[in-house]
Amino acid sequence: MSSQLKPLGGVLDDVINRLAAIEAQLGITPPSVNAPSNSTGAAAAVIEEELHPRVVAFDEHITRALIPFTESCKALGTEMDAIGAIIFEAWDGMRGLVELGTVYKRPTGDVATAIQPYLKPCQDAIAKVQSARLDRKFDWHIKAVKEMLSCVSWVVISPPPSPANFVKDTVGASDFWANKIRKEYKTNGAEGPVHIQFCDAMKALVNDLSSYLKEHHLSGLAWNPHGKDFAEAIVGEKLSAKTAKSTDLATPKPTGGSSSAGIFDELKNKQTGDGSSAATGLKKVTRDQQTWRKEYKKPDGEVPQQKSSFSAAPTSKVAVKAGEKTLGPPTCEYQERGFKWNIENQTKENCEGGLCKVEVTDSKQQVYIYNCHGVTIQIIGKLKSVILDSCTKCGVLFDTAISACEIVNCKSVQVQATNLCPSFSIDKTDGCVVHLTNEAVSQSSFVTSKSSEMNVSWPDDKGEIREAPIPEQFLHKIVNGSVTSQVSDLYH
C-alpha cells in the first residue's frame, strides 16, 4: 500500500465494518466477491505482511526502552548481563500476549484464567530472577529488578486501576532499592556511572511501558472484536501478520495530507465485479427523515421518532437512569494480593434489601467501594482503611478504621464510624454527611478539597445529635509576605 493510502486503511476498514453491520440488520446478503485484480491483490498482500499497530508500537517500546536497559545490565558484568537476558524473555512473552490479542476475540469468562497457558514465558522468566544468586554487591540491583517485574502482571489487570497506572505504581517499589544504589555509587567515579545508568534505564523502561499501555491497552489487554474465536487458539503457535488475517487491522490516524480522490479510489477497489458494495441496497435518507433540521423539531426541542424496519437491540439489565453510564457486573470479592475487598457496581436490584455486608477478618485488610448506587454497605470488623469512589446515594457503616476513610468523586453519600476513625478525606464530592461517635469527636480530623455540601454530626453531652457544616468558604489575606486563611463569617 502506498504511503498516501496507508493512513486511510483504518478509516476505510471501519467504514466497511459499519456498512456490513447495516447489511446484516437489513437482511441483505452480500454478493460473492470475484477474484481481485492484480493491483488489489498486491495491496492485500502488503496488508497481510504488515504487523498490527499494537505490535509495532510494542516493538518500538522494546527498541526505545528495553534494549538500553539490557545494555546497562551488560555493562555491569556477566551476572547482570544474564539478568538482562531474562528480562528480555519476559518482555518477549508480553509481546506474544499482545500479538495474541490482535488475532483473537476476548475470551468468554475470566480472562486471566483463559490466558494462563500463554503466561508461561513470563512466569518462567520471573521464576529465574527470583531464584538467581548473584554477588552480594548486586543485592540491591536484583531486589529492584524483582520489584520492577511485578509490572508484567498488567496483562491480567481489569480496571480499576488501569494497566498504565498499575505499571506506573511499580516505579516506587523499584526506586526504593534503586535510590540505595544511586546513593552508594554517587561518589564512586570509576563504577558509579554504570550503576546509576542501570537505575535510570530501569525506571525509563517502566515509564515507557506505562505510556505504551495508556495508548494501546487503556482498559486491559486489548482484543480483536472481529478476530477468531479464542477457543481456536493453540498454545505455542506462531502468530504473524501473514497468518492473522484480522479485519481489525488498524493504521495510524490520518495526518490530513491525503486527498479525497485517494479515498474514493480505495472504496472503488472494495467493490465486487458486478459493481456491488457493502452499501448496495441501502435506502436514501429523504429530506423529511433528516431530523436534525429545524423544521422537523417540536417546540419543546424534541425530535420526532422515525419508524425502524428492524427491532431495537435488547437493553442491558444492569443499567441506571437515562443519561448515566451503564454499570458493569456487580462485584464483591476479596483479593489476597493487597489485602483488599473490591465492592463494585452494587445497586438495590443486586443487594437484598439494598444492604451489602462485608466481614473483615484481618485489620490489615482495606475495603474499596466503587461505582455503587443507592445501597448501604456494612463493614463488620476492624480494618485498615475504607475508600468510597464514584458512588451515588450510598451509605457506609463501619466499626474502626486504623488509617483513614477516603471519599472521592461521590454524590449524596453518608459515612458512619461506630467506633474510631482518625482521618476523613473528602475530595471532589458533592453532598457528604459523616456521623461520629462521642469518643471519636476529639480524635477525628477532616481533609477536604473541591467538595461541597459537607456536614458532620455527633452526639453532645446530653446525647442529642448535633450537625454542623464543614466550611467551604474561606477568607484569605496577605500578612507579612505570606498568605493567611480563616473560615468565612458565614460559619460563625
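Note that this is a predicted model, so its numbers are computed, not measured. (Residues numbered from 1 in each chain as written. Predicted model: local features only at pLDDT ≥ 70, side-chain atom pairs only at ≥ 80, totals over all residues. Heavy atoms only, no water.)

(A) Expanded view of the overall build of the chain. A tally of helices and strands in the chain yields 10 helices and 16 strands. Expressed as a percentage of its 492 residues, the buried residues of the chain come to 36%. Total accessible area on the chain is roughly 29,000 Å²; 52% of this is exposed by carbon and sulfur atoms. (Helix = DSSP H or I, 4+ residues; strand = E, 2+ residues; numbered from the N terminus. Buried < 20%, exposed > 50% of the residue type's maximum accessible area, 1.4 Å probe, protein only. Areas by Shrake-Rupley, 256 points an atom, 1.4 Å probe, with all protein chains shown as cover.)

(B) Geometry of the pattern of salt bridges. Summed over all chains, the structure comprises eight salt bridges. In this structure, Arg 95 engages Glu 99 in a salt bridge whose closest nitrogen and oxygen atoms are separated by 3.1 Å. Linking Arg 95 with Glu 99, this pair stays in helix α4 (residues 78–103), spanning four residues, or about one helical turn. Classification of Glu 99 by relative accessible area gives buried; the value is 9%. Salt-bridge contacts for Asp 200 lead to Arg 182; the nearest nitrogen and oxygen are separated by 3.2 Å. (Salt bridge = Lys/Arg side-chain N within 4 Å of Asp/Glu carboxyl O.)

(C) Inspection of helix α7 (residues 139–148) at higher detail. Of the residues making up α7, those classed as buried are His 141, Ile 142, Ala 144, Val 145 and Met 148. For α7, the angular spread of buried residues about the axis comes to 160 degrees, placing them on one side. Against α3 (53–74), α4, α6 (120–130), α8 (163–185) and α9 (192–216) lie the buried residues of α7. (Arc of directions from axis to C-beta. Contact = heavy atoms within 4.5 Å.)

(D) View of the pairing of strand β3 (residues 355–359). Where burial is concerned, the two faces of β3 differ: the one with Cys 356 and Val 358 is buried and the one with Leu 355, Lys 357 and Glu 359 is not. Two elements, β3 and strand β5 (residues 376–380), share five bridges in a ladder whose sense is parallel. For Leu 355, the partnering residue across the bridge sits in β5 and is Thr 376. (Pairing = 2+ DSSP bridges.)

(E) Representation of the packing of aromatic side chains. Across all of its chains, the model carries nine aromatic pairs by this definition. Consider the rings of Tyr 104 and Phe 230, whose centres lie 6.2 Å apart with planes at 80 degrees: the pair is edge-to-face. Here Tyr 104 is found in the loop between α4 and α5 (111–114), whereas its partner Phe 230 is found in the loop between α9 and α10 (260–269), with 126 residues between them in sequence. The class of Tyr 104 is buried, set by a relative accessible area of 2%. Judged by relative accessible area, which is 11%, Phe 230 ranks as buried. Taking the centre distance of 5.4 Å and the plane angle of 45 degrees together, the rings of Tyr 334 and Trp 341 count as tilted. For Tyr 334, a relative accessible area of 26% puts it in the partly exposed group. Residue placement shows Lys 340 over the ring face of Tyr 368; its charged tip is 5.4 Å from the ring centre. (Phe/Tyr/Trp six-rings, centres within 6.5 Å; stacked < 30°, edge-to-face > 60°. Lys NZ or Arg CZ within 6 Å of the ring centre and 35° of its normal.)

(F) Geometry of the sheet that holds strand β1 (residues 331–335). With mixed pairing, seven strands are arranged side by side in an open sheet as β1-β2-β4-β6-β8-β10-β12. Looking along the sheet, the strands with just one partner apiece sit at the ends: β1 and β12 (445–449). Shown here is a sheet whose adjacent strand axes are inclined to one another by a mean of 10 degrees, direction ignored. Pairing of strand β2 (residues 340–344) with strand β4 (residues 366–370) involves five bridges; the strand directions are parallel. Counterpart to Ile 343 in the pairing with β4 is Ile 369. (Axes fitted to C-alpha atoms, helices over the stretch in contact; angles between N-to-C directions.)

(G) Geometry of the side chain of Asp 460. Within the fold, Asp 460 resides in the loop between β13 (452–459) and β14 (465–469). No salt bridge forms around the buried Asp 460; measuring N to O, its nearest opposite-charge neighbour Arg 466 is 5.2 Å away. Polar side-chain contacts of Asp 460 include one of 3.1 Å to the backbone nitrogen of Lys 462. A polar atom in the side chain of Asp 460 sits 2.8 Å from the backbone nitrogen of Glu 464. (Lys, Arg positive; Asp, Glu negative; His and termini not counted. Polar contact = N/O pair within 3.5 Å; in protein donor to acceptor, adjacent residues only side chain to side chain.)

(H) Highlighting the environment of Ile 407. Mapped onto the elements of the fold, Ile 407 is located in strand β8 (residues 401–408). Taking relative accessible area as the criterion, Ile 407 reaches 0% and is therefore assigned buried. With 21 residues separating them along the chain, Ile 407 and Val 386 place their C-alpha atoms 8.5 Å apart. Filtering out sequence-adjacent residues up to four positions away, Ile 407 remains in contact with Leu 388, Val 413, Val 415, Ser 425, Ile 426, Asp 427, Thr 429 and Cys 432.

(I) Representation of the pairing of β1. As paired elements, β1 and β2 share five bridges and run antiparallel to each other. For Tyr 334, the partnering residue across the bridge sits in β2 and is Trp 341. Between the end of β1 and the start of β2, which pair antiparallel, lie four residues, with Gly 338 showing a positive phi angle near 90 degrees.

(J) Looking closely at the environment of Val 441. Within the element layout of this structure, Val 441 appears in the loop between β11 (430–435) and β12. Relative accessible area serves as the criterion here: at 35%, Val 441 is assigned to the partly exposed category. The sequence separation of Val 441 and Val 456 amounts to 15 residues, and the corresponding C-alpha distance is 9.9 Å. Aside from chain neighbours lying at most four places away, what touches Val 441 is Leu 436 and Trp 458.

(K) Spotlight on unusual backbone geometry. Phi at Asn 371 takes a positive value of approximately 55 degrees, unusual for a residue other than glycine. Structurally, Asn 371 can be placed in the loop between β4 and β5.

(L) Up close: α6. Those residues of α6 lying buried are Cys 122, Ala 125 and Val 129. Burial along α6 is one-sided: seen end-on, the buried residues are contained in an arc of 65 degrees. Those residues of α6 hidden inside the fold are in contact with α4 and α7.

(M) Structural context of the packing of α4 against α6. The geometry of α4 relative to α6 is characterised by a closest axis approach of 8 Å and an angle of 160 degrees between their N-to-C directions. What the angle tells us is that α4 and α6 run roughly antiparallel. In the packing of α4 onto α6, the handedness of the crossing is left-handed. Of α6, the residues touching α4 (which contributes Ile 86, Ile 87, Glu 89, Ala 90, Gly 93 and Met 94) are Pro 121, Cys 122, Ala 125, Lys 128 and Val 129. Of the residues contributing to the contact of α4 with α6, the split by class is eight nonpolar, one polar and two charged. (Parallel < 35°, antiparallel > 145°, perpendicular 65-115°, else oblique. Left-handed = near helix turned anticlockwise from the far one by under 90°. Nonpolar A, V, L, I, M, F, W, Y, C, P; charged D, E, K, R; others polar.)

Spatial relationships are all this shows, so hold off on functional conclusions.
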